[in-house]
Structures are given as structure tokens and as C-alpha cells.
Amino acid sequence: MLPSFLFCSVVAIILGRILYADAVMRRLYRCDWNELIAKLETIPQAEVARLGDDYLNPRSNQIEIEPDDIWTAIGGLEGVRRMRRNARILIALAAHAQRWNFTESVIVMERMRHDAMQLQRATLQITLRTLLHLGCLRVPFHLHESAGAYHLMTKRLTTLYQNSHSGLYPRLVFALQQTNSQPQLRSLIPL
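Keep in mind the model is a prediction, meaning the values are calculated, not measured.

**Student:** Got a minute to help me understand the overall build of the chain in this structure?
**Tutor:** Across its full length, the chain holds eight helices and zero strands. Shown N-terminal to C-terminal, the secondary structure of the chain runs as helices and strands in the order α-α-α-α-α-α-α-α. The C-alpha radius of gyration of the chain comes to 18 Å, within 12% of the 16 Å expected for a compact globule of 191 residues. For the chain, buried positions account for 40% of its 191 residues. Here the contacts in the chain between residues at least 6 apart in sequence split such that 73% fall between residues at least 24 apart. As displayed, the chain offers around 11,100 Å² of accessible surface, 61% of which is attributable to carbon and sulfur atoms. Taken as two groups, the 22 positive and 16 negative side-chain charges of the chain have centres that lie 8 Å from each other.

**Student:** Can you help me understand the side chain of Asp 115 in this one?
**Tutor:** Relative to the helices and strands, Asp 115 is located in helix H6 (residues 102-132). Judged by relative accessible area, Asp 115 falls into the buried class, the value being 2%. At a separation of 2.7 Å, a polar atom in the side chain of Asp 115 contacts the side chain of Arg 156. Discounting residues that sit within four places of it in the chain, Asp 115 has contacts with Ala 149, Leu 152, Met 153 and Arg 156.

**Student:** Please clarify how H6 should be interpreted in this entry.
**Tutor:** Note: α-helices contain 3.6 residues per turn, so residues at a spacing of three or four share the same orientation. If you check H6, its first and last C-alpha atoms are 44 Å apart, about what 31 residues at 1.5 Å a residue would give, namely 45 Å. Regarding H6, the residues found buried are Ser 105, Val 108, Met 109, Met 112, Asp 115, Ala 116, Leu 119, Ala 122, Thr 123, Ile 126, Thr 127 and Arg 129. Of the surrounding elements, those touching the buried residues of H6 are helix H1 (2-30), helix H4 (67-74), helix H5 (76-96) and helix H7 (139-164). Of the residues flanking the end of H6, it is His 133, one or two places downstream, whose phi is positive at about 55 degrees.

**Student:** Explanation requested: the packing of H4 against H7 in the structure shown.
**Tutor:** To characterise two packed helices, one gives the angle between the axes of the helices and the distance between these axes. Running from N to C, H4 and H7 cross one another at 45 degrees; their axes reach a closest spacing of 9 Å. When the axis of H4 is compared with that of H7, the two are oblique. Seen from above, H4 lies across H7 with left-handed handedness. Across from Pro 67, Ile 70, Trp 71 and Ile 74 in H4, the residues of H7 making contact are Val 139, Pro 140, Leu 143, His 144, Ser 146 and Ala 147. When its residues are assigned to classes, the contact of H4 with H7 shows eight nonpolar, two polar and no charged.

**Student:** Please clarify how the packing of aromatic side chains should be interpreted in this entry.
**Tutor:** Aromatic ring pairs are reported here in terms of the distance separating the ring centres and the angle at which the planes meet. Applying the stated criterion to the full structure yields two aromatic pairs. Look at Trp 33 and Tyr 161: their rings are 6.4 Å apart centre to centre, the planes differ by 45 degrees, and that puts the pair in the tilted class. With a gap of 128 residues between them, Trp 33 in helix H2 (residues 33-39) and Tyr 161 in helix H7 connect regions that are remote in the sequence. With 6.0 Å between their ring centres and 70 degrees between their planes, Trp 100 and Tyr 161 make a pair best called edge-to-face. In this pair, Trp 100 sits in the loop between H5 and H6 while Tyr 161 sits in helix H7, placing the two residues 61 residues apart along the sequence.

**Student:** Got a minute to help me understand the pattern of salt bridges in this structure?
**Tutor:** Close approach of charged atoms lets side chains of opposite charge pair. Applying the stated criterion across every chain, the model contains six salt bridges. Across the salt bridge formed by Glu 41 and Arg 85, the nearest N and O atoms sit 2.7 Å from each other. Linking Glu 41 in the loop between H2 and helix H3 (45-56) with Arg 85 in helix H5, this pair joins segments that are 44 residues apart in sequence. On the accessibility criterion, Glu 41 (23% relative accessible area) is partly exposed. Across the salt bridge formed by Glu 78 and Arg 85, the nearest N and O atoms sit 2.9 Å from each other. Through salt bridges with shared partners, one network takes in Glu 41, Glu 78 and Arg 85.

**Student:** I keep staring at the packing of H5 against H7 and nothing clicks. Help me out?
**Tutor:** It is the contact of H5 with H7, at a shortest axis distance of 10 Å, that shows an interaxial angle of 20 degrees. Between H5 and H7, the crossing angle belongs to the class labelled roughly parallel. Here H5 and H7 pass one another in a crossing that is left-handed. Across the interface between the two elements, Val 80, Met 83, Asn 86, Ala 87, Leu 90, Ile 91, Leu 93, Ala 94 and His 96 of H5 pack against Leu 143, Ser 146, Ala 147, Tyr 150, Met 153, Thr 154, Leu 157, Leu 160 and Tyr 161 of H7. Here the contact of H5 with H7 is composed, by residue class, of 14 nonpolar, four polar and no charged.

So, how was this worked out
Residues numbered from 1 in each chain as written. Predicted model: local features only at pLDDT ≥ 70, side-chain atom pairs only at ≥ 80, totals over all residues. Heavy atoms only, no water. Helix = DSSP H or I, 4+ residues; strand = E, 2+ residues; numbered from the N terminus. Rg over C-alpha atoms; globule rule 2.2 N^0.38 Å. Buried < 20%, exposed > 50% of the residue type's maximum accessible area, 1.4 Å probe, protein only. Contact = heavy atoms within 4.5 Å. Areas by Shrake-Rupley, 256 points an atom, 1.4 Å probe, with all protein chains shown as cover. Lys, Arg positive; Asp, Glu negative; His and termini not counted. Charge placed at Lys NZ, Arg CZ, Asp CG, Glu CD. Polar contact = N/O pair within 3.5 Å; in protein donor to acceptor, adjacent residues only side chain to side chain. Expected span 1.5 Å × (residues − 1). Axes fitted to C-alpha atoms, helices over the stretch in contact; angles between N-to-C directions. Parallel < 35°, antiparallel > 145°, perpendicular 65-115°, else oblique. Left-handed = near helix turned anticlockwise from the far one by under 90°. Nonpolar A, V, L, I, M, F, W, Y, C, P; charged D, E, K, R; others polar. Phe/Tyr/Trp six-rings, centres within 6.5 Å; stacked < 30°, edge-to-face > 60°. Salt bridge = Lys/Arg side-chain N within 4 Å of Asp/Glu carboxyl O.

See the structure below:
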């Protein structure tokens, strides 16, 4: 009796999580471009780009960046969670580009979904390991992976907009740069 109850509970939780994620994405797909840009949360974009480049393009001294520096640069657990929430918005922005360049945006969106899954897995690992204090030595590796996945998503999106819609490209780059500053400054994005 207990194993079947436990199994049903786990299945219900997983199903609920899938339905919730689907509802969030459907809501984002219904937003217009300006609403999506306004939903971007503050991310230390320059630091994430530096960490992402270090993760994606290894150099000779691969242990140069200390784990504490990575944790501080990203903004800790809350910074990782903001990157995960922003990842959904970046995918919705890629879906928005289907209006101008259907073929390329579909491919880029699927690649970004794969990057978002890596980011989500890394976020789950970081959250569990931090809260449960288990295997904390692996947290910096997951932090580095999450920064690399987020950086890759922003690069894919900006390249897609550069090729697909030169009018929105500068505004997108400006909005992504503004996620590095105070949230009040994001209202200054030219529309």
C-alpha cells in the first residue's frame, strides 16, 4: 500500500511540474515583445559572459577562477534561479522571431531549449546540494555549467535577432545589457 501511494505521489508531483512549466511557457508565448523584455530579471550579464566564455572556451589555466568567485559573480542561489526564469523568456523571444525567420528561429529555439534543460539540471543540482549540504564540492562545476548554458542562450538569441530583425537587435542587446544594472533603469529601454 505504501509503495503504491509513494509512487502515485511522485508521479503526481512530476506531472504537476510539467503542467506548470507548460502553463508558464504558454503565458509567455502570448506576451508581445515589449512585455517579454520587461519581464527580464537582473542578471550580472558581464560576469555571466566571462564565466560562460571560460566554460565554453577553456584556456591553459582552467582553475584560475575560484569557486567563491563564481558563486559571488553569479549572485548565489538567487542569481542561478533568476537565470533559469530568464531562460524561459529568452526562449519566448526566440519564438517571437518566428514571425520574420521561421526556419532559423525554430532551430535556434530548439537549441536554446536544450541549453535551458542544462541550466535547469544545473539549477536543481545546485539547489539540492546547497540546501541538503551534500556534495558541495560539485556546486562550482554546476555553477560554471549554468553560466555557460545561460551565456550560450543569450549568444544564440542575439545572433538570431542580428540575422532576422536588425531593427529589434539593438534594443535586444540594450535590454540584455540592462539586466546587468538596476531594475529601475530597465524602464529606460527605448521602445
